[in-house]
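Reading the structure
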Amino acid sequence: DWSSDVCSSDLVELGDSFTTAPRRWSAGTAYMRLGIVREQSKNSSGAELAYGKAIGLMMPDPDGGARPPNVVGDQAYCRQRFAWLLTERSAFTEAKRILEKAADEVRPHIGSGPQNRPSKEALSSILRQLSNVHQRTGDESAAAHLRLEAQRLDGPGFRGPGGPPPFGGPKGPPPKRS
């Protein structure tokens with residue numbers, strides 16, 4: 001696709017020149033979007049390269065300064081998409097490693113209160129994906145443990161007993177009209 005080729009060459013120039021945060025993180029976000037475009041156009045190897053570059057650009061600074069939550073979330077998203085692509089080609093060990101790293105990076109942002117819901121949902125999603133990878137490799141015990149941890153993060157009222165009724169009320173959505 002012409003647009004992704006032009007965009008890629010521009011990004012390579014841009015990404016290599018941005019070496020300090022927050023500009024480096026912005027280039028990482030652009031690579032994340034390039035990965036999404038490549039994935040949607042069925043260019044898995046190009047998507048893997050773009051997600052890998054985005055993950056590298058979104059790393060914290062060596063001085064240990066905190067990253068904004070959106071950068072942590074975007075990097076976790078890139079790790080999830082990258083791991084999904086690896087899982088699709090049966091690279092399970094690498095997918096597990098990437099998802100475990102994503103979970104480790106999101107966990108410190110979990111706290112109590114509604115402001116932490118996006119981090120909880122992100123970690124729950126990562127754990128469910130990691131559970132799926134373990135299940136595909138035959139490790140049902142680890143998969144069950146990860147699913148349970150994800151359910152605990154979701155808490156009551158979020159896809160659980162005592163939660164809000166499904167769309168359309170207790171009986172579900174209204175029937176389609178013919």
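Note: the structure precedes this text.
In this report, the structure presented in the accompanying data block is examined. (Residues numbered from 1 in each chain as written. Predicted model: local features only at pLDDT ≥ 70, side-chain atom pairs only at ≥ 80, totals over all residues. Heavy atoms only, no water.)

A count of helical and extended segments in the protein chain gives 7 helices and 0 strands. Mapped in sequence order, the helices and strands of the protein chain form the string α-α-α-α-α-α-α. A total of 178 residues make up the protein chain; the buried ones form 38% of that total. Partitioning the intrachain contacts of the protein chain with sequence separation of at least 6 by distance along the chain shows that 54% fall at a separation of at least 24. For the protein chain, the exposed surface amounts to about 10700 Å²; the carbon and sulfur share of it is 56%. (Helix = DSSP H or I, 4+ residues; strand = E, 2+ residues; numbered from the N terminus. Buried < 20%, exposed > 50% of the residue type's maximum accessible area, 1.4 Å probe, protein only. Contact = heavy atoms within 4.5 Å. Areas by Shrake-Rupley, 256 points an atom, 1.4 Å probe, with all protein chains shown as cover.)

Turning to unusual backbone geometry, a few remarks are in order. The phi dihedral of Lys-42 is positive, around 65°, even though this residue is not glycine. Among the secondary structure elements, Lys-42 is positioned in the loop between α2 (23–40) and α3 (44–57). The class of Lys-42 is exposed, set by a relative accessible area of 72%. Unusually for a residue other than glycine, Ser-90 sits at a positive phi of about 65°. Tracing the backbone shows Ser-90 in the loop between α4 (69–88) and α5 (92–106).

Tracing the backbone shows Glu-88 in helix α4. Overall, Glu-88 belongs to the partly exposed group, its relative accessible area being 46%. Considered as a pair, Glu-88 and Ser-44 are 44 residues apart in the sequence and their alpha carbons are 9.7 Å apart.

It is worth spelling out the environment of Asp-139 at this point. Considering the arrangement of structural elements, one finds Asp-139 in the loop between α6 (117–136) and α7 (140–154). Under the relative-accessibility criterion, Asp-139 is labelled partly exposed at 32%. Here the side chain of Asp-139 touches Ala-142 through a polar contact of 3.3 Å, landing on its backbone nitrogen. (Polar contact = N/O pair within 3.5 Å; in protein donor to acceptor, adjacent residues only side chain to side chain.)

Right, let's talk about α5 for a bit. Given a rise of 1.5 Å per residue, 15 residues ought to cover 21 Å, and the 21 Å separating the end C-alpha atoms of α5 matches this to within 8%. Along α5, the residues classified as buried are Phe-92, Ala-95, Lys-96, Ile-98, Leu-99, Ala-102, Ala-103, Glu-105 and Val-106. Contact partners of the buried residues in α5: α4 and α6. (Expected span 1.5 Å × (residues − 1).)

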